[in-house]
Amino acid sequence: MNLLDVAENSVAAGAKLVRIELSVDEEARRLRLSISDDGKGMDPELAKRVTDPFCTSRTSRKVGLGLPFLKMAAELTGGELTLESEEGKGTAVTALFCTDHIDMPPLGDVAASVASLIQCSPHIDFVFTLTGPGGAFCADTREMRDILGGVSLAEPEVALWLREYLAGNIREILEKE
């Protein structure tokens, strides 16, 4: 859920390219989630306050819980959250988790999360990179668009294929031999 929520902030910020990087280092017992975009970015004042649940740039509500929840989840494991943002250039959020901590949340269905982001925002480019014990994997919607010609990434058949493609590769990278 954290991945979806933070990446949706990138979509709302008008990003044309969103990069999602997930790195699992079993030896160091660390998981790093990084989401960066080329959206509108934040001014320094907002960037300082954005992990406060009562700080949001949205006008439809007075709370913003995505980044505060991600920060809390990371810190509960002994990890941390960092945020870098520059107005007009974009934002990068990185959460570091200690995987051997009792409060480490389950990874969840990353394939479904990434596939949903792509299907619901087919006009935005996403690059999903996973590094783990089984190697590395990268899915880039720009390459997918080239292969598909004019077929939308939001087409149901494409969305089903994408979810299965991501799930298979994620499983291969994360499973021990």
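If you're wondering where the values come from, they're calculated on a predicted model, not measured in any experiment. (Residues numbered from 1 in each chain as written. Predicted model: local features only at pLDDT ≥ 70, side-chain atom pairs only at ≥ 80, totals over all residues. Heavy atoms only, no water.)

## Section: the nonpolar core
Selection criterion: Nine residue types can take part in a nonpolar core, namely buried Ala, Val, Leu, Ile, Met, Phe, Trp, Tyr and Cys, and a core is a set of them joined through side-chain atoms within 4.5 Å. To sort residues, take the accessible area from a 1.4 Å probe on protein chains only and compare it with the maximum for the residue type: under 20% means buried, over 50% means exposed, and anything in between is partly exposed. Numbered from the N terminus, helices here are DSSP runs of H or I no shorter than four residues, and strands are runs of E no shorter than two. The criterion used for residue contact is that any of the two residues' heavy atoms lie within 4.5 Å.
Counting residues in each nonpolar core, the largest one holds 42 residues, and the members touching the most others are Leu-3, Ile-20, Ile-35, Phe-126, Phe-128 and Leu-166. If you tally residues by element for this core, the top one is helix H4 (residues 110–120), at six residues. Not counting the four nearest positions on each side in its chain, Phe-126 is found in contact with Val-11, Val-18, Ile-20, Leu-117, Ile-118, Ser-121, Ala-139, Asp-140 and Thr-141.

## Considering the packing of aromatic side chains
Quick note on the threshold: For Phe, Tyr and Trp, rings pair up if their centres lie within 6.5 Å, where Trp contributes its six-membered ring, and each pair is then called stacked (planes under 30 degrees apart), edge-to-face (over 60) or tilted (otherwise).
Considering all chains together, one arrives at three aromatic pairs under this definition. Summarising the aromatic geometry, the rings of Trp-161 and Tyr-165 are spaced 4.8 Å apart at their centres and angled 15° between planes, so their arrangement reads as stacked. With Trp-161 and Tyr-165 both in helix H6 (residues 156–174) and four residues apart, the pair spans about one turn of that helix. On the basis of relative accessibility, which here comes to 29%, the residue Tyr-165 falls in the partly exposed class. Following the ring pairs from residue to residue traces out a cluster consisting of Phe-128, Phe-137, Trp-161 and Tyr-165.

## Topic: the side chain of Ser-113
As for its placement among the helices and strands, Ser-113 is situated in helix H4. The exposure class of Ser-113 is buried, given its relative accessible area of 12%. When near neighbours in sequence (up to four residues on either side) are disregarded, Ser-113 contacts Leu-3 and Leu-4.

## Brief notes about unusual backbone geometry
If you check the backbone angles, Arg-29 has positive phi at about 55° while not being a glycine. Summarising the element assignment, Arg-29 is placed in the loop between strand S1 (17–25) and strand S2 (30–37).

## Quick notes on the pairing of S2
Filter applied, for reference: Paired strands, as defined in this entry, are two strands with at least two bridges between them according to DSSP.
Burial of S2 is extensive: six of the eight residues sit out of reach of the surface. Counted along the chain from S1 to the antiparallel partner S2, the turn is four residues long, and its residue Arg-29 has a positive phi close to 55°. Summarising the sheet, S2 and strand S4 (residues 90–98) pair through seven bridges and their orientation is antiparallel. By the bridge assignment, Arg-30 is partnered in S4 with Cys-98.

## Concerning the pairing of S4
With seven of nine residues buried, S4 lies mostly within the body of the structure. Across seven bridges, the pairing between strand S3 (residues 80–86) and S4 is antiparallel. When the sheet's bridge partners are listed, Leu-81 is paired in S4 with Ala-95.

## Observations regarding H4
By the criterion of burial, H4 is predominantly enclosed, with eight of the eleven residues buried. Residues of H4 that are buried: Val-110, Ala-111, Ala-112, Ser-113, Val-114, Ala-115, Leu-117 and Ile-118. In this fold, the buried residues of H4 make contact with helix H1 (2–12), S1, strand S5 (125–132), helix H5 (141–148) and H6.

## Side note on the pattern of salt bridges
Using the following cut-off: Here, a salt bridge means any Lys or Arg side-chain nitrogen found within 4 Å of an Asp or Glu carboxyl oxygen.
Tallied over the entire structure, the rule returns seven salt bridges. Here Arg-49 and Glu-45 are joined by a salt bridge, their closest N and O atoms 3.5 Å apart. With Arg-49 and Glu-45 both in helix H2 (residues 44–49), this residue pair falls four residues apart, about one helical turn.

Everything listed is a geometric property; what it means functionally is a separate question.
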